[in-house]
Amino acid sequence: MQASVASGHMNDGHGLFDEVTGAYRPEVFSHLVEREVKRALRYHEFLVILALDLGDSLRRLPDPPAVLRLVADHIQREVRATDIVGRLGENLGVALLCVTMEDARLVAERLQARVKAVALPTEPLPAGQGVISIGGACFPRGGTDAAVLLRASLNALRRAAAEPGGGVWLET
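Note that the coordinates shown come from a computational prediction; the quantities given were computed from them, not determined experimentally. (Residues numbered from 1 in each chain as written. Predicted model: local features only at pLDDT ≥ 70, side-chain atom pairs only at ≥ 80, totals over all residues. Heavy atoms only, no water.)

Trainee: So what exactly am I meant to see when it comes to the packing of aromatic side chains here?
Mentor: Two measures describe an aromatic ring pair: the distance that separates the ring centres and the angle between the ring planes. Following the criterion strictly, the structure yields 1 aromatic pair and no others. With a centroid separation of 4.9 Å and an interplanar angle of 25 degrees, the aromatic rings of F17 and Y24 are classed as stacked. The pair F17 / Y24 is uniform in exposure class, with both members buried. (Phe/Tyr/Trp six-rings, centres within 6.5 Å; stacked < 30°, edge-to-face > 60°. Buried < 20%, exposed > 50% of the residue type's maximum accessible area, 1.4 Å probe, protein only.)

Trainee: Is there a simple way to think about the pattern of salt bridges in this case?
Mentor: In a structure, side chains of opposite charge can pair up when their charged atoms sit close to one another. Counting across every chain of the model gives 9 salt bridges. For R114, the salt bridge is made with E78, and the minimal N-O distance between the two is 2.8 Å. Of the two residues, R114 sits in helix α4 (residues 101-116) while E78 sits in helix α3 (residues 64-78), which places them 36 residues apart along the sequence. Overall, R114 belongs to the partly exposed group, its relative accessible area being 25%. In this structure, R159 engages E171 in a salt bridge whose closest nitrogen and oxygen atoms are separated by 3.6 Å. Of this pair, R159 sits in helix α5 (residues 146-161) while E171 is found in the segment after β5 (168-170), placing the two residues 12 residues apart along the sequence. Three or more residues joined by partner-sharing salt bridges are found here, namely E78, R110 and R114. (Salt bridge = Lys/Arg side-chain N within 4 Å of Asp/Glu carboxyl O. Helix = DSSP H or I, 4+ residues; strand = E, 2+ residues; numbered from the N terminus.)

Trainee: Just checking my understanding: could you explain unusual backbone geometry for this structure?
Mentor: Note on backbone geometry: most residues besides glycine have negative phi, and most peptide bonds are trans. A cis geometry characterises the amide bond from F139 onward to P140, with omega recorded as 5 degrees. Here P140 is to be found in the loop between β4 (133-139) and α5. Look at H44: it is not a glycine, yet its phi comes out positive at around 55 degrees. Within the secondary structure, H44 sits in the loop between α1 (26-43) and β1 (47-53).

Trainee: Whenever I open this one, the packing of α1 against α5 confuses me. Can you help?
Mentor: Describing two packed helices takes the angle between their axes plus the distance from one axis to the other. Where α1 meets α5, the closest approach of the two axes is 9 Å, and the angle between their N-to-C directions is 115 degrees. What the angle tells us is that α1 and α5 run roughly perpendicular. Of the two elements, α1 crosses α5, and the hand of that crossing is right-handed. Residues F29, S30, V33, E34 and V37 of α1 form the contact with α5, whose participating residues are A146, L149 and L150. Partitioning the contact of α1 with α5 into residue classes produces 6 nonpolar, 1 polar and 1 charged. (Axes fitted to C-alpha atoms, helices over the stretch in contact; angles between N-to-C directions. Parallel < 35°, antiparallel > 145°, perpendicular 65-115°, else oblique. Left-handed = near helix turned anticlockwise from the far one by under 90°. Contact = heavy atoms within 4.5 Å. Nonpolar A, V, L, I, M, F, W, Y, C, P; charged D, E, K, R; others polar.)

Trainee: Explain the pairing of β1 to me, please; I cannot follow it from the model alone.
Mentor: A regular strand carries its side chains on alternate faces of the sheet. Burial of β1 is extensive: 7 of the 7 residues sit out of reach of the surface. Alternating residues of β1 divide into L47, I49, A51 and D53 and V48, L50 and L52, and every residue in both groups is buried. Here β1 runs beside strand β3 (residues 91-97); their pairing, made up of 6 bridges, is antiparallel. Paired with L50 across the bridge in β3 is V94. Relative to β4, β1 is paired through 7 bridges, and the arrangement is antiparallel. (Pairing = 2+ DSSP bridges.)

See below:
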């Protein structure tokens, strides 16, 4: 079961979860993605990795960890319980299991809309003006190895971040 910031389970006692976000720590997220890529390969399933970046405008807020915690909680509520939310370096990552690229685009757009609608705790920006960029890569098209797939999602994130106001870019 994944920890939730809202439920106050940020520290599981085993070091699996990031203390700021309540999502899986980067090394745990990478390990879980590696396992899911192997599972997808064996069972001929799709898997999409999304990388999410909050942009510089949100990082300039007085309490960036509180913003990241709030956003991570909203993301965890938006995806299915079987999907995996974790830290991907300074960014957040989401592994969408058994999903096509078309469905992943819908999820990415939903996540982007939800984060933009979040009322920030210390609000120099009006609600709805938070910037979030999302890049994604699909197994097997984006790579058949976890490390390659994670890199492809980060490359897609860079393309999405180049769009004004943040965007969604999925490698096809």
